[in-house]
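Chain by chain, the residues:
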Amino acid sequence: MIFSLRRFFVAVMLCVLTAPGLAAGPAYTITDLGTLGGSGSYGYGVNNNGQVAGESYTTGTTNSHAFLFSGGAAADLGTFGGTSSRAYDINNNGQVVGSAYTTGNATSHAFLWSNGVMTDLGSLDGFSTAYGINDSGQVAGKSFTTSGSNHAFLWSEGVMSDLGTLGGMSSYGFGINNNGQVAGWSDIAGDAAARAFLWQAGVMSDLGTLGGTNSFGYDINDQGFVVGRSNLAGDALTHAFIWNGVSMLDLGSLGNWSSDASGLNNLGQVVGSSGGSAFLWNAGTMLNLNSLIDPSSGWFLMYAEDINDNGQIVGTGFIDGEEHAFLLTPTPVPIPPAVWLFGSGLLGFLGITRWRSKK
């Protein structure tokens, strides 16, 4: 009897707490990450500490510099002597990766920024860019090669390794998880199409498509799930997908638009963009993030790029006539007094019932 009542209590509370209209305010608060003095900024990666990596225009120029947003302020990470740099990802140790131009802007190289020092990761043969980093400091990206095309790479302990392709000319590595698995996309044999891939233990696997010709992988979590976008049958539209280790699941879109998944966390929540609006996909439902912020904020959220395990989302939106990087933080859902009264009363009843059962 007691066990049944407890189950009843939990079920009722869950129904009440998930009822539409319960939340008294927006689902997220929004933080404007500002700029480095210029007219715009773009947010790309967020770690579990709420630190953000991105790029921003600098004062009086059309050049962008990589930034790290931490402790309420954005810091300029500089360059390798050239005019521009970009930061694409950040791990839970605060290490940042991206690309930066060298002196004279003749080339740009992948970098790893750690504790105030920007390290040149080199290249396979020419330009290189780092797109992802895990908590061990392993880095994934792409680099020009002697073959005259870009190849995905894995940088680990000072060595950059070519991950090859799925038979075509080019490949790109975008995401890397804490198991050293890499996600990205590669041309297939004949270069007739591109396919999302999962690379692990020296083997690059084709993840297929949602029925169309092409697919592209952009991020991977610690469970080995991969997200990206794929053409549908007929190739007229692309839809965001999540590959769950067995098959590719279509995440749909916001209206009759294409969609693109950019990031996911270890809870399986996915973020991206559809029809020019940022989205969150959670437990089978795609939500327009613009409907989850205060409508009087003045923001329009265009791109959601990454999400951490606390549910914080980073991306780029439009505010006061400029594109700015943003950080969304989930707002705790308030519980009305009536629900607390009901719950405490039922708990009290359960307590009395249990006390009587002991006599």
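(A) A look at the nonpolar core. Counting residues in hydrophobic clusters, the biggest one holds 15 residues, and the most contacted among them are Y28, L280, L289, L301, I313 and L328. For this core, the secondary-structure elements that each account for two or more residues are strand 24 (277-282), strand 26 (300-307), strand 27 (313-319) and strand 28 (322-330). Ranked by the residues each element gives to this core, the list is headed by strand 26, at three residues. For L289, the residues in contact, after removing those within four places along its chain, are Y28, A278, F279, L280, L301, A304, I313 and L328.

(B) Highlighting the environment of D260. In this fold, D260 is placed in strand 22 (residues 259-264). A sequence separation of 21 residues divides D260 from H239, and the C-alpha atoms of the two residues are 6.0 Å apart. Ignoring anything within four residues of it in the chain, the contact list for D260 reads Y218, G228, R229, A240, V271, G272, S273 and F279.

(C) Representation of the environment of V203 in the model. With respect to the element layout, V203 can be found in strand 17 (residues 203-206). Residue class for V203 comes out partly exposed when judged on its relative accessible area of 48%. Sequence separation of V203 and L166 is 37 residues, and the distance between their C-alpha atoms is 9.8 Å.

(D) Seen up close, the side chain of N308. If you trace the backbone, N308 turns up in the loop between strand 26 and strand 27. A relative accessible area of 2% means that N308 is categorised as buried. Only 2.9 Å separates the side chain of N308 from the backbone nitrogen of Q312, close enough to count as a polar contact. The contacts of N308, once residues within four sequence positions are left out, are V46, N47, N48, G50 and N265.

Quick notes on the rules
- Residues numbered from 1 in each chain as written.
- Predicted model: local features only at pLDDT ≥ 70, side-chain atom pairs only at ≥ 80, totals over all residues.
- Heavy atoms only, no water.
- Core = buried A, V, L, I, M, F, W, Y, C linked by side-chain atoms within 4.5 Å.
- Buried < 20%, exposed > 50% of the residue type's maximum accessible area, 1.4 Å probe, protein only.
- Helix = DSSP H or I, 4+ residues; strand = E, 2+ residues; numbered from the N terminus.
- Contact = heavy atoms within 4.5 Å.
- Polar contact = N/O pair within 3.5 Å; in protein donor to acceptor, adjacent residues only side chain to side chain.

Shape is all these values report; function is a separate question.
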